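Residue-level structural notes
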Amino acid sequence: MKSVQRSIFFSAIERYASLLLFFVSTAVLSRLLTPGEFGVYAVILAITSVFSASSQEFGGANYLIQKASLSEGNIRTAFTITFGLSIAIGFLLYLLGGVLGSTLGADGLQAGIAVAVFNFATMPFSATIIALYRRDMQFGVVAASNLACNFTMVGVSIALAKMGYSYLAPIWGMIAGSVVQTAYLMVTRQNLRIFRPSLEGYSDVIKFGLYSGGVVLINVFYSSAPQLFLARILDFAAVGLYSRAGNVTQAFDKLVIQAISPVIMPAICAQTSAGADLKRIYLHAISLLTVLHWPFLIFMAVMAKPIILVWLGPSWLEVVPLVRLLCIAQLSLFAACLTYPVLVAVGSVRDTLLSSLISLPPSLLIIFAASFFGVEAVAASALLTLPFQAAVAIYYVGRHLDLRLADFVQATQKSGMVALCICATAAACATLVEHGLIGPVAGIFVACATIGVVWLAALFAVQHPLLQELKAPVSRVLSAAGRFTGRVPVPAVRTDRDVF
């Protein structure tokens, strides 16, 4: 348990520092790039992400993390397969750049893809080392490498954008960050024998990769599909608006989910191997996630207008209704980050693929049809597609954990009460801003402070399980403060509850 909490601590530090960079870079680049320029970058990123997923997850991170007994030969084989696929797919994408540019109607697409494919050469090295560090729960090194990458990426992107590189600025920034991260990881790992080519036991890698890689590929394509549909049917300004709205609504993922996601799968696999009750872990994790997830999304939806005005500037106010629709739709994804790790832990990686194959194709059809009616219709389609995807994923998890509807109601009812309190508080703050009683900046600060107090009070009022999780770290902080000030330290409260 201490290793899990320590891993989350390092991961959280990295994510919150990266989140600060994200807020700053988004605010700056939104004022340096037009929606059309950002749309071209978003399409290039969408295309390369789909192709990258085809190689990165086929024999990479998840295979290395979940394998019970891992030898150097297994690592070398996984790297060899990942590297070979990555180079082949990157070269193919480079050749297809002109065709993709003509199909989507963007002359600059070919140049952007030609730059972006450099990432395919460095990605297998960094992905392999990060997987090994994650397997060993050494998240301090991973956090440092990610911070080095993000600082470089943001600095290069902003500098080149000011120099007039347009949509190529964030692409070159991405390449620079990837190079710095790979170099840092190779220096810290030192054992470069793991990069020697090998095909020993390749069938094991391929067997796992067919399911794991398929799941990631389908999900990445689904995430990229709205940008591709809008680029083909409407224009790149619409792509820019939708992509920026998506970035804003992903703030919770960057703040919380991405801080714990690297820890979830190794932690769940380790606790399952130790004989822990996976059903109890899953339901407890849902109760903790929903009390953070739901209030945050409700706050973002209600306060969307002043947030966009201050963060992105008045030229991006068109994304406000998109942000609200996407935030409401994402309320249903409260257990999304747990689905894959849980199914892998119970030995059913095949079900992760089946779940995606059932839920994502109909969702893509709905998004494609909605794209003919405009960018707001695409955002509104998420009100149908995301709850459907969540229901399918929960069904497959429930089959293995013997879950019932009553289990979910019991796990989330206290979080729902907290979320209702936050909704009423945020609505009152938004009303003050809307009627001009306070400005947007003051409104955001007032809303954050008020909602923070109400959220904490609601936790105590309903006696939410999160309070039990907070006792130990709060006690350790008070104990440290007591030693620093010379007062009697407060003993830490021990808890047997699992984080996940």
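Residues numbered from 1 in each chain as written. Predicted model: local features only at pLDDT ≥ 70, side-chain atom pairs only at ≥ 80, totals over all residues. Heavy atoms only, no water.

This paragraph deals with the overall build of the chain. The secondary structure content of the chain amounts to 20 helices and zero strands. Of the contacts formed within the chain by residues at least 6 apart in sequence, a portion of 84% connects residues at least 24 apart. Total accessible area on the chain is roughly 21700 Å²; 67% of this is exposed by carbon and sulfur atoms. (Helix = DSSP H or I, 4+ residues; strand = E, 2+ residues; numbered from the N terminus. Contact = heavy atoms within 4.5 Å. Areas by Shrake-Rupley, 256 points an atom, 1.4 Å probe, with all protein chains shown as cover.)

The next thing to look at is the packing of aromatic side chains. Tallying each qualifying case throughout the model produces 16 aromatic pairs. Judged by centre distance (6.3 Å) and plane angle (90°), the rings of Phe-38 and Trp-316 are edge-to-face. Remark: Trp-316 occurs in the loop between helix 13 (304-311) and helix 14 (320-329) and Phe-38 occurs in helix 2 (residues 35-56); sequence separation between them is 278 residues. Residue classification places Phe-38 among the buried positions, given a relative accessible area of 7%. Trp-316 sits in the buried class, given a relative accessible area of 0%. Between Trp-294 and Phe-334 the ring centres are 5.7 Å apart and the planes differ by 80°, which places this aromatic pair in the edge-to-face class. Of this pair, Trp-294 sits in helix 12 (residues 278-302) while Phe-334 is found in the loop between helix 14 and helix 15 (336-345), placing the two residues 40 residues apart along the sequence. Owing to a relative accessible area of 14%, Phe-334 belongs among the buried residues under this scheme. An aromatic cluster of three or more residues is present, and its members are Phe-79, Phe-83, Phe-125 and Phe-195. When the ring centre of Tyr-133 is taken as reference, the NZ or CZ atom of Arg-189 above it lies at 5.2 Å. (Phe/Tyr/Trp six-rings, centres within 6.5 Å; stacked < 30°, edge-to-face > 60°. Buried < 20%, exposed > 50% of the residue type's maximum accessible area, 1.4 Å probe, protein only. Lys NZ or Arg CZ within 6 Å of the ring centre and 35° of its normal.)

Next up on the list: the pattern of salt bridges. A complete count under the given rule lists five salt bridges for this structure. Linking Asp-351 and Arg-399 is a salt bridge whose minimum nitrogen-to-oxygen distance equals 3.5 Å. Within this pair, whereas Asp-351 is found in helix 16 (residues 349-371), its partner Arg-399 is found in helix 17 (residues 375-401), the two being separated by 48 residues in sequence. Of the residues examined, Arg-399 reaches a relative accessible area of 48% and is grouped as partly exposed. (Salt bridge = Lys/Arg side-chain N within 4 Å of Asp/Glu carboxyl O.)

The next thing to look at is a nonpolar patch on the surface. Taken together, the side chains of Leu-309, Val-310, Leu-317, Val-441 and Phe-445 define a hydrophobic patch exposed on the protein surface, amounting to about 410 Å² of accessible area. Those elements that provide at least two residues to the nonpolar patch are helix 13 and helix 19 (440-462). You can see Phe-445 is positioned in helix 19. (Patch = residues over 30% accessible without salt bridge, like charges linked within 9 Å, V, L, I, M, F, W, Y side chains within 5 Å.)

All right, on to the environment of Pro-170 then. Assignment of secondary structure puts Pro-170 in helix 8 (residues 168-189). On a C-alpha basis, the gap between Pro-170 and Phe-38 in space is 9.2 Å, while along the polypeptide they are 132 residues apart. If sequence neighbours within four positions are ignored, Pro-170 has contacts with Leu-33, Tyr-41 and Ser-157.

Mapped onto the fold, His-464 is located in the loop between helix 19 and helix 20 (466-485). Other than its neighbours up to four places away in sequence, His-464 contacts Ser-287, Leu-288, Val-291, Lys-414, Ser-415 and Leu-459.

Turning to unusual backbone geometry, a few remarks are in order. The phi angle at Ser-166 is positive, at roughly 55°, despite the residue not being glycine. In this structure, Ser-166 sits in the loop between helix 7 (139-162) and helix 8. Look at Ser-166 and you get buried, because its relative accessible area is 18%.

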